[in-house]
Amino acid sequence: MNRLNVVFVFADQWRAQDTGYAGNTQVDTPHLDRLARESVNFTHAVSGWPVCSPWRGSLLTGQYPLTHGIFVNDVPLADSGTRLGEAFSQAGYDTAWIGKWHIDGHGRSEYIPPERRHGFDYWKTLECTHDYHRSAYYAGNVREKRYWEGYDAFAQTRDAQRYLRARDGDSPFLLVLSWGPPHNPYETAPEAYRRRYRPEDILLRPNVPEDFAREAREWLAGYYAHCTALDDCVATLLETLAETGLDDNTIFVFTSDHGDMLGSQGTVRKQRPWDESIRVPFLLRCPGVAARETDALINAPDLMPTLLGLCDLPLPASAEGLDFSDHIRHSTPDPSGGAALLACYHPFGEWTRSEGGREFRGLRTRRHTYTRTLEGPWQLYDNEADPWQLQNRINDPACRDLRLQLDARLGEMLARQGDEFLHGDKYIRRWGYTVDETGTVPYSL
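Just so we're clear, the structure is a prediction, and the values are computed from it rather than from any experiment. Throughout this description, residue numbers start from 1 for each chain and increase along the sequence as written. Only residues with pLDDT of 70 or above have their local features reported here, since the model is predicted, and side-chain atom pairs are shown and tallied only from 80 upward, although totals for entire chains, interfaces and linings are computed over all residues. Excluded from the side-chain calculation are hydrogens and water; included are all heavy atoms of the structure.

1. Looking at the state of the cysteines
Item 1. A pair of sulfur atoms, both from cysteines and within 2.5 Å, is called a disulfide here. For the coordinates displayed, the defined rule picks out zero disulfides.
Item 2. Of all cysteine sulfurs in the structure, the one in Cys233 sits closest to Cys227, which takes part in no disulfide; the separation is 12 Å.
Item 3. Cysteine Cys311 shares no disulfide, and the gap to the nearest cysteine sulfur, in Cys286, comes to 7.8 Å.

Here it is in structure tokens:
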């Protein structure tokens, strides 16, 4: 029997709430809506440390950030065990990465040598850029910087299509396609897509304060334009898999590294523990597996173990995440037990201390969000009764027992991982990182 291939596609900063299949009628995502009807749809998938590099570090290692070392952006992945590309390569798979990388930590535009690609052979990649219309990359082992033609997500998708069409059928493959949009700048989607959305037509989530309303509508119009452009990219990938006959033997995953506040709770971007930041789309279409929805709490460290499990490949001893493959194939119970860890290990960037940034640890269950800071309990939301998270019930006497139960469960999870929940500066010193006055690791373009 032929081994399963994997096409793993993820966007940057696409929150779970913004697809048609998730109930948002304002954004056009017909191809993802169709994919959702063909997939196992993880309706409660979580980005537990919702910021670019830490999530990517967990994708590549199956580990938590305090193990792989990336708990802030723009630092290198530690030598902490077998990586995703290495695990598939050691099993005889061809491996490919196209698009944004952001775990090298040697400058956002610098050439990344083969020894820092962690098992990926086909390579058309740049550490990080959000200049989507003049987007650089390096191909293979050539140190000359090249540029994607036009809007980079379109060009990267075309390259992924070429990779798929060139498959000879002799070796299974893992293809990762990493897009930069819909991450800001929001106003830079292709014009034809921007014309489809007018700020004045945008309906805001009820948790967007009035003083954010005008800007939020402008942001969302551009954000939705990027989303619809990427939805068309999904369509072309699925068409290519069908025309080549690869779809009969290929796992297809669509997800995102984290969400985007976009004005909700009177704030922006990510790192926050609210649902707009932590919840992400996660669709997995697998040959022989019936489509369905699941509320299992899959998190970033679980992705590598789950992909390896679905391909019947051994799980490295260094991985810390959970394998959801039996849950996907056979609807066995949620291996998370119904809770996913949330964390900010060191606030930085757009979550600085001067702007309210703080270390936190927390849980997202199917129903509740609970967080604590170094000062003590911080948030408790009932997400069924209060889906917009407008009522923090952390000090509500009626919720005391629930708070204590969630806090005890959080303590157990942290103890299992050896997470001491220290001040972020202590982790910065422990790992030898240098940060500026905002707590951010400086980087070169």
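The structure having been displayed, the exposition proceeds.
2. Regarding helix 2 (residues 52-61)
Item 1. Whether a residue is buried, partly exposed or exposed follows from its accessible area with a 1.4 Å probe, protein chains only, as a fraction of its type maximum: under 20%, in between, or over 50%, in that order. For helices the rule is a DSSP run of H or I covering at least 4 residues; for strands it is a run of E covering at least 2, with both sets numbered from the N terminus onward. Most of helix 2 is tucked away: 10 of the 10 residues are buried.
Item 2. Along helix 2, the positions that sit buried rather than exposed are Cys52, Ser53, Pro54, Trp55, Arg56, Gly57, Ser58, Leu59, Leu60 and Thr61.
Item 3. Two residues or fewer after helix 2 comes Gly62, characterised by a positive phi angle close to 70 degrees.

3. Some remarks on the packing of helix 1 (residues 30-37) against helix 7 (residues 213-244)
Item 1. Here an axis means a line fitted to C-alpha atoms, over the contact stretch when the element is a helix, while the angle between two N-to-C directions is reported on a 0 to 180 degree scale. Running from N to C, helix 1 and helix 7 cross one another at 55 degrees; their axes reach a closest spacing of 7 Å. Between helix 1 and helix 7, the angle is such that the two are oblique. Between helix 1 and helix 7, the contacting residues are Pro30, His31, Leu32, Arg34 and Leu35 on the first element and Asp231, Asp232, Val234, Ala235 and Leu238 on the second.
Item 2. Residue polarity is assigned by list, with Asp, Glu, Lys and Arg as charged and Ala, Val, Leu, Ile, Met, Phe, Trp, Tyr, Cys and Pro as nonpolar; anything else, Gly included, falls into the polar class. Residues of the contact of helix 1 with helix 7, tallied by class, amount to six nonpolar, one polar and three charged. Angle categories are assigned with fixed cut-offs, so that under 35 degrees is roughly parallel, over 145 is roughly antiparallel, 65 to 115 is roughly perpendicular, and the rest are oblique. The contact rule is simple, with two residues in contact once any of their heavy atoms fall within 4.5 Å.

4. Some thoughts on the sheet that holds strand 13 (residues 368-373)
Item 1. Strand order in the open sheet made by the four strands is 11-12-13-14, with antiparallel pairing throughout. Both outer strands of the open sheet, strand 11 (339-344) and strand 14 (376-382), are each paired with one neighbouring strand and no more. Going across the sheet, the axis of each strand differs from the next one's by a mean of 15 degrees, ignoring polarity.
Item 2. The sheet contact formed by strand 12 (residues 360-365) and strand 13 spans four bridges and is antiparallel. Bridge pairing in strand 13 links Leu363 to Tyr370. Two strands make a pair as long as DSSP finds a minimum of two bridges between them.

5. Points about the environment of Arg205
Item 1. With respect to the element layout, Arg205 can be found in the loop between helix 6 (191-194) and helix 7.
Item 2. We classify Arg205 as buried; its relative accessible area is 18%.
Item 3. With sequence-adjacent residues up to four places away left out, Arg205 is seen in contact with Arg15, Gln17, Ser264, Glu276 and Trp388.
Item 4. In terms of polar contacts, Arg205 uses its side chain to reach the side chain of Glu276, at 3.0 Å. Polar contacts, as counted here, are pairs of nitrogen or oxygen atoms within 3.5 Å of one another; within protein the pair requires one atom able to donate a hydrogen and one able to accept it, and residues that are adjacent in sequence qualify only if both atoms are side-chain atoms.

6. Some words on the side chain of Asn24
Item 1. With respect to the element layout, Asn24 can be found in the loop between strand 1 (5-12) and helix 1.
Item 2. Using a relative accessible area of 10% as the deciding quantity, one classes Asn24 as buried.
Item 3. Engagement of the side chain of Asn24 in a polar contact is seen with the side chain of Asp18, the distance being 2.8 Å.
Item 4. Only 3.1 Å separates the side chain of Asn24 from the side chain of Tyr224, close enough to count as a polar contact.
Item 5. Each residue touching Asn24, except ones within four places of it in the same chain, is listed here: Gln17, Asp18, Thr19 and Tyr224.

7. What about the pattern of salt bridges?
Item 1. What counts as a salt bridge is simple: a side-chain nitrogen of Lys or Arg found within 4 Å of a carboxyl oxygen of Asp or Glu. Here the structure, examined in full by the defined rule, presents 32 salt bridges.
Item 2. The salt bridge partner of Arg56 is Asp257, with a shortest N-O separation of 3.2 Å. Taken together, the positions of Arg56 in helix 2 and Asp257 in the loop between strand 8 (250-256) and helix 8 (275-278) put the pair 201 residues apart, joining distant regions of the chain.
Item 3. Take Arg56: its relative accessible area is 1%, and that puts it in the buried class.

8. A few points about the nonpolar core
Item 1. Only buried Ala, Val, Leu, Ile, Met, Phe, Trp, Tyr and Cys residues count toward a nonpolar core, and they belong to the same one when joined by side-chain atoms within 4.5 Å. Phe8, Phe42, Leu84, Phe88, Trp97, Phe120 and Ile251 are the most contacted members of the largest nonpolar core, which has 69 residues in total.
Item 2. Sorting elements by how many residues they give to this core places helix 9 (residues 303-310) first, with five residues.
Item 3. One finds Ile98, Ala216, Ala225 and Leu241 within the second-largest nonpolar core, a separate group that totals 51 residues.

9. Here we look at unusual backbone geometry
Item 1. That bond from Pro181 to Pro182 is cis: its omega, 0 degrees, falls within 30 degrees of zero.
Item 2. Summarising the element assignment, Pro182 is placed in strand 7 (residues 173-182).
Item 3. Omega for the bond connecting Asn184 with Pro185 falls within 30 degrees of zero, at 10 degrees, which places this linkage in the cis form.
Item 4. With respect to the helices, strands and loops of the structure, Pro185 is situated in the loop between strand 7 and helix 6.
Item 5. A positive phi is found at Phe421, a non-glycine position, where the angle reads about 55 degrees.
Item 6. If you trace the backbone, Phe421 turns up in the loop between helix 11 (400-417) and helix 12 (424-431).
Item 7. Among the residues examined, Phe421 registers a relative accessible area of 13% and is labelled buried.

As far as function goes, none of this settles anything; it's purely spatial.
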